[in-house]
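Residue strings, one per chain:
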Amino acid sequence: MKALALPLALLLGAAAFALNKGNAGPDQVEIKFNLPPPKPLSPAEELATFRLEKGFRIELVASEPMIETPVAISFDDQGRMFVVEMRGYMRDLTGSTEKEPSGRVSLLTDTDGDGRMDKATAFVDGVVMPRSVLAVNGGALVAVPPELILCRDTQGTGRADSRTVVASDFGTAGGQPEHMANTPIWALDNTIYAAGYGTGLRLKAGAWQRGPGLGRGQWGLCQDDFGRLYFNYNSDLLRADLLPAPAYARNPLLRNAAGLNHQVMLDQSVYPSHPTPGVNRGYDPKTLRADGTLAKATATCGAAVYRGDAYPAEYRGNAFVPEPSVNLIKRLLLSERDGIVKATDGAKDREFLTSTDERFRPVQVVNGPDGCLYVVDMYRGIVQHTAFLTHYLVANIKARQLEQPISQGRIWRIVPEGGRKVARTAIPADAASRVKLLAHADGWVRDTAQRLLVEAGDSAVGPALKTLATDAQAPALGRLHALWTLDGLGLVDAPLIQAALRDAHP
């Protein structure tokens, strides 16, 4: 392809918008690949652009006008989906609408069980730049910096009518969107951790307690079956805490301890399925390959460790990492030796999911209640925040007409081929049935059952939990969840710990 020299007027316009004062790159730029402006695609048209690993297909779950600019999702125990819509983010190159109360968290329901959401209500509306959501405690924790708010619908309308501030230091109002606390998760140890947030939250007898948190990661947080926390940075595909961070926090003099912020994936290479000149540092000779594709990750976020039971066994425990700037999701194989976790590429020189649609912007992957992975697709041209724009990227955006549209967004579901019907596991209301689900093959089901038992705070389930925790014939993960559920209920005693230490499974 021949290089395309931009007109001088366009270069001057780019210079006016590039606001990365620390490193905006050269102000005289040249787009390296002469690609025509890509047209915005309908969901059906976008679907045709996907290239997915053999054995899988991708299905639409929700799209505009039901949702707009989605950045995060969370499923409640009924299988309903909370969707964070950051509708004020980068509606133009200056980010001029970020202080407007245009944000929303929608509650989506699949009423007929066909896997596609068909009902939506504005659970929380009229907020400024919401960024995260976690289904919890009969409602949802919604992050609206600087607050983390527990929102509940007490009337059954699908709209939150009760709001309680759980934390008032969850980022800053008007702060940098790429570098604030996000993605709270209920971890195996019954603590809610969040990326970039140094406090952990625990629910005890209806009250929120604060303790040591994570304080690492840029955008996104998840856990594996053993409760290890995984996160990433924009140019670093995957990191993890190999040991629990709160254990280190007991010693205030301990810094940079081995096992924390461990770089799981050393090779940052990515393999888009089309030329991707529209990346922030595309002017740097080392950024793009000769064919115009990005060589190494630059916008990594929202990873998930697959913990479902719908995919073939070899996919369990794999990490799936979005790279929205180049329209792909990477699959990493995780292996462990002597407590050290390492990752390698799931396939050589290709990715699990790619698209040739430049507006496909996967920003989060989530385990769903049906054993499948769900993909949050912002679907827009501009994803880089104005504070970090380079002259080169602004020129690319304007030349390729990527500023519009700004009112779209999709949620996708990745399902296995082969005719197997996937459906969500219903979480029963009675405690005895929930205890049994702690040994379920699906990680989302186990996590949800544990959370509900701990939230209920009913010590009457203690005997059943202790039976499961010490049952050598039960799945090891079931025993593990039983132990942590007992811990969350304050029912762990010395004999139980002694029995667990003798367990045959590490």
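Look above for the structure.
Residues numbered from 1 in each chain as written. Predicted model: local features only at pLDDT ≥ 70, side-chain atom pairs only at ≥ 80, totals over all residues. Heavy atoms only, no water.

J.: If you had to explain helix H8 (residues 476-488) to someone new, which residues and values would you point to?
T.: An ideal rise of 1.5 Å per residue puts 18 Å on 13 residues; H8 measures up with 19 Å between its terminal C-alpha atoms. On its buried face, H8 sits against strand E13 (199-204), helix H6 (443-456), helix H7 (462-469) and helix H9 (494-501). Trailing H8 by a residue or two, Gly490 shows a phi angle of about 70 degrees, which is positive. (Helix = DSSP H or I, 4+ residues; strand = E, 2+ residues; numbered from the N terminus. Expected span 1.5 Å × (residues − 1). Contact = heavy atoms within 4.5 Å.)

J.: Any chance you could break down unusual backbone geometry for me, citing the residues and the numbers?
T.: With an omega of 5 degrees, the peptide bond running from Glu64 to Pro65 counts as cis. As for its position among the elements, Pro65 is in the loop between strand E2 (56-63) and strand E3 (70-75). Between Pro145 and Pro146 the backbone carries a cis peptide bond, its omega angle lying at 10 degrees. Assignment of secondary structure puts Pro146 in the loop between strand E8 (139-144) and strand E9 (147-152). Positioned with a positive phi, Gln401 is a non-glycine residue whose angle comes to about 60 degrees.

J.: How would you sum up a nonpolar patch on the surface? Please name residues and give values.
T.: Taken together, the side chains of Val492, Ile497 and Leu501 define a hydrophobic patch exposed on the protein surface, amounting to about 270 Å² of accessible area. You can see Ile497 is positioned in helix H9. (Patch = residues over 30% accessible without salt bridge, like charges linked within 9 Å, V, L, I, M, F, W, Y side chains within 5 Å. Areas by Shrake-Rupley, 256 points an atom, 1.4 Å probe, with all protein chains shown as cover. Salt bridge = Lys/Arg side-chain N within 4 Å of Asp/Glu carboxyl O.)

J.: Outline the pattern of salt bridges, supporting the account with residue identities and numerical values.
T.: Side chains carrying opposite charge are able to pair once their charged atoms draw close together. Under the criterion given, the structure shown has 30 salt bridges. The shortest N-O distance in the salt bridge between Glu59 and Arg413 comes to 2.8 Å. Taken together, the positions of Glu59 in strand E2 and Arg413 in strand E26 (residues 410-416) put the pair 354 residues apart, joining distant regions of the chain. The class of Arg413 is buried, set by a relative accessible area of 5%. The closest approach of N and O atoms between Lys330 and Asp345, which form a salt bridge, is 2.8 Å. Of this pair, Lys330 sits in strand E21 (residues 328-337) while Asp345 sits in strand E22 (residues 340-345), placing them 15 residues apart in sequence. Classification of Asp345 as partly exposed rests on a relative accessible area of 21%. (Buried < 20%, exposed > 50% of the residue type's maximum accessible area, 1.4 Å probe, protein only.)

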